[in-house]
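Listed below, chain by chain, are the residues.
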Amino acid sequence: MDIELMLKVYPFFLEAAWVTILLSVLTAILGLICGTLGAAARLSRFAVLRFLGAAYVSVFRGTPALIQLFILYFGGPQIGIQLDAFEAGVIGLGINAGAYMTETIRGAIIAIDKGQREAARTLGLSSWQATYKVILPQAARLMVRPLGVNLNMLIKATALVAAIAVVELTYTAQRYIGSTYKPFEMFLLAGILYMIIIYVTGRGVAWLDRKVQIT
Amino acid sequence: MTEQTHFVEIRHAQKSFGTLEVLKDISLNVERGQIVGIIGSSGSGKSTLLRAINDLDPLTGGEIWLDGVQVNKTLPHRQYEKHINEVRQHVGMVFQHFNLFPHMTARENVTMAPKMLKGLSQADADRLAEEQLDKVGMLERIDYYPSQLSGGQKQRVAIARALAMKPKLMLFDEATSALDPELVEEVNLVMKKLAEEHMTMIIVTHEMDFAASVCDRVLFMDKGVVVEEGPPSVLFKNPTQDRTREFLRKHIEGAS
Amino acid sequence: MGLDFSIIPKYMDIILLGVAWTIGITVAAALLSFVGGIIFAVIALYAPWLIRQPFRLIEWVFMGTPLLLQLFLIYFGLVQIGIDLPAFVAGIIGLGLHFAVYNSELIQTAILAVDKGQMEAARTLGLSRTQALRKVVIPQAVRAVIPPIGNNMIALLKDSALVSVIGVSELTLSAQRVIGKTYRPFEFYILAAAFYYVINLCMEWVQRKIERRISVSR
């Protein structure tokens, strides 16, 4: 193992890790927004919205995220969407993650909905009041853990933007593998950083989960 | 060691989990062709004793002998495994929750072990399955999966599975406790049939009527000891111990 | 530059060849991940500590890093230690191992969830522990994990697009090649997406069929 080389290049990996973190955060925010809207559409009273929600989930979960990214980044200009690689990465991955989160959020709401809505309605609450006051607070607790899984997948999925040359961790590792021919060392550097990011995120989710379970 | 003279011989069986002693120095002999019932409330140790006979719950002290062979002898791990697998082939066991293999049909449940351990051909195994399932009245359902059978039917297949190994001894661990009341009789009938064929059986049960009608001897266990034993006519009609009387009174009250 | 889908038929043969490669790679990697998943699960649960620990570490690394990075490691790493495999083989190994780890997690949970009475019943008949695991416990665990493993295999199909990055001419790279000639990324990536979507639907259909078939023997 070439420790000397690793010590020489690790600052570049650290820098790249920040890009990965920034990408993850922005993607997660966009994913949550899309997921919430998607779940609302899928549970809507209106058939059209339900259909659109279902189509969104089916198409974005049914095709590779890499292809979605390519369509947006390389194909976008043909239909008048000009984005730089980073923007395309966040938007492409965010919409993709949103499709998975839609199902997570919807699943949690359905799990609570059954008896609780009836109970709330018999007390005289309106449908909206029942949703807002009774269902959502409980569903939110159920969501934390599965959304944590979505987040874990999303962080690893940010590696895909290496394919459109965003200088994040995987791209950096790829470039240094190409120039140094030291795949193990470069994998180790990038791998450790990914595992730190994922570990810290996992702990954060676990903390949040404990917190919402108590209250 | 003294020579074994009885078919099944339990000598000073002792079993504890940590500080909890569930079997306290139990000795018991069963002769060939005898049918012994064990009754007692839950936690009395009756199932533990039964499960010690084929070493599912190993004893912490004492010996179990079966037909001249010590079941729980001390051997290096590998040899012991070989020995106990050999012993278990001769001891059939029927569980409260049937434990049929859900991914196998009735036929496959019955033939799996004979094919694997005795090297039966498919044709011989099929004949064996038909014979054994016929005996328990389940021939018609030979290619059904357990999920397609009622509880009583499952238990009858489980009995056929145990019989297919041609055991010398059958152990029944509350074979009818998990069944709906209307399904108990069909399983009892199969067990009675076995009794008529002079199969050696040890039956842990909570059904006093059944024990009285089938068993040659009945043991009443409480808190890890055998409180009283004797022929059913004596034990059920004229128990000598207070604890037995107490148990029987509660049980008969509960049943009526 | 507007859109022009009429150009597609001219390059359809290249794309279809890519589809065939994608299906082949997915099937091969799926098989590897399934067998590997069972082996990993058995090791994780039953192997001696000394063997178990390195596997834990591998599992941990595979679950904690992106697949794309793992593909780079396997492809370039094998070359570095003198094993020069065709890219598609490296791709199959990479995908297969990655998903074997995820399958192993599922199988472990399923093995532990098989009722204790099943092992007891098998042991009572005289089967050894290994025989009981092989004939009774593992087949049941496998049935229980078929639905979630099906989901993993569908994920594997989509992740097979990543092997384009190490130069395997499957569907995604085929589309890229055509785009290199035609400068029509939107049309051909949409086409590729459509093919993935259709394969995905077929897999879901097969998954439902299998689930229905095994439901009686569970």
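For the structure, check the block above.
For clarity, every value in this text was computed on a predicted model and none was experimentally measured. (Residues numbered from 1 in each chain as written. Chains lettered and ligands numbered in written order. Predicted model: local features only at pLDDT ≥ 70, side-chain atom pairs only at ≥ 80, totals over all residues. Heavy atoms only, no water.)

Participant: How do you make sense of the overall build of chain B when you look at a structure like this?
Facilitator: For chain B, the count of helices and strands is nine helices and 10 strands. Taking 18 Å as the expected radius of gyration for a compact globule of 256 residues, we find that chain B reaches 18 Å, a close match to that expectation. Here the C-alpha coordinates of chain B stretch approximately 55 × 50 × 35 Å along the principal axes. A burial count over chain B gives 56% of its 256 residues as buried. Counting every atom, chain B has about 11,500 Å² of accessible surface; 50% of that belongs to carbon and sulfur. (Helix = DSSP H or I, 4+ residues; strand = E, 2+ residues; numbered from the N terminus. Rg over C-alpha atoms; globule rule 2.2 N^0.38 Å. Buried < 20%, exposed > 50% of the residue type's maximum accessible area, 1.4 Å probe, protein only. Areas by Shrake-Rupley, 256 points an atom, 1.4 Å probe, with all protein chains shown as cover.)

Participant: Can you walk me through the pairing of strand S9 (residues 217-222) of chain B in this structure?
Facilitator: On any regular strand, side chains alternate: one points to one face of the sheet, the next to the other face. All names here are of chain B. For S9, the buried fraction is high: six of the six residues fall into the buried class. Burial along S9 is two-sided: the face carrying Arg217, Leu219 and Met221 and the face carrying Val218, Phe220 and Asp222 are both buried. Direction of pairing for strand S3 (residues 35-39) relative to S9: parallel, over a ladder of four bridges. Residue Gly37 lies in a different strand from S9, and its bridge partner there is Val218. When S9 meets strand S10 (residues 225-230), the two strands line up antiparallel, connected through five bridges. Note that in S10 the partner of Asp222 across the bridge is Val225. Connecting the antiparallel pair S9 and S10 is a turn made up of two residues, with Lys223 showing a positive phi of about 50 degrees. (Pairing = 2+ DSSP bridges.)

Participant: Would you take a moment to explain the packing of aromatic side chains for this structure?
Facilitator: Evaluation of the coordinates by the stated rule reveals 15 aromatic pairs over all chains. The interplanar angle of 65 degrees and the centroid separation of 5.0 Å between the aromatic rings of Tyr73 of chain A and Phe74 of chain A together place this pair among those described as edge-to-face. Residue classification places Tyr73 of chain A among the partly exposed residues on the basis of a relative accessible area of 24%. Phe74 of chain A gets classed as partly exposed once you look at its relative accessible area, which sits at 34%. Judged by centre distance (5.4 Å) and plane angle (65 degrees), the ring pair of Phe40 of chain C and Phe55 of chain C falls under edge-to-face. Here the residue Phe40 of chain C occupies a position in helix H1 (residues 12-46), and Phe55 of chain C occupies one in helix H2 (residues 49-64), the gap between them amounting to 15 residues. Look at Phe40 of chain C and you get buried, because its relative accessible area is 14%. (Phe/Tyr/Trp six-rings, centres within 6.5 Å; stacked < 30°, edge-to-face > 60°.)

Participant: Looking at this structure, how should I read the nonpolar core?
Facilitator: It is characteristic of soluble globular proteins that their nonpolar side chains tend to be buried jointly. If you look at the biggest cluster of nonpolar residues, it comprises 92 residues, and the most contacted ones within it are Phe13, Ile164 and Leu169 of chain A together with Ile15, Leu95 and Phe188 of chain C. Considering every element that reaches this core, the biggest residue donor is helix H6 (residues 129-159) of chain C, with 10 residues. Excluding residues within four positions of it along the chain, Ile164 of chain A makes contact with Leu69, Phe70, Tyr73, Phe74, Ala85, Ala88 and Gly89 of chain A. Core analysis: the next-biggest nonpolar cluster, separate from the first, contains 47 residues, Ile39, Leu128, Leu194 and Ala195 of chain B among them. (Core = buried A, V, L, I, M, F, W, Y, C linked by side-chain atoms within 4.5 Å. Contact = heavy atoms within 4.5 Å.)

Participant: Just checking my understanding: could you explain the packing of helix H1 (residues 3-42) of chain A against helix H6 (residues 169-180) of chain A for this structure?
Facilitator: Geometrically, a packed helix pair is captured by the angle between its two axes and the distance between the axes. Residue and element names in this part refer to chain A. One can describe the packing of H1 onto H6 by two numbers: an axis separation of 8 Å at closest approach and a directional angle of 155 degrees. As far as their axial angle goes, H6 and H1 are roughly antiparallel. The segment H1 lies against H6, with Leu5, Val9, Phe12, Phe13, Ala16, Ala17 and Thr20 engaging Leu169, Thr172, Ala173, Tyr176 and Thr180. Residue composition of the contact of H1 with H6, by class: nine nonpolar, three polar and no charged. (Axes fitted to C-alpha atoms, helices over the stretch in contact; angles between N-to-C directions. Parallel < 35°, antiparallel > 145°, perpendicular 65-115°, else oblique. Nonpolar A, V, L, I, M, F, W, Y, C, P; charged D, E, K, R; others polar.)

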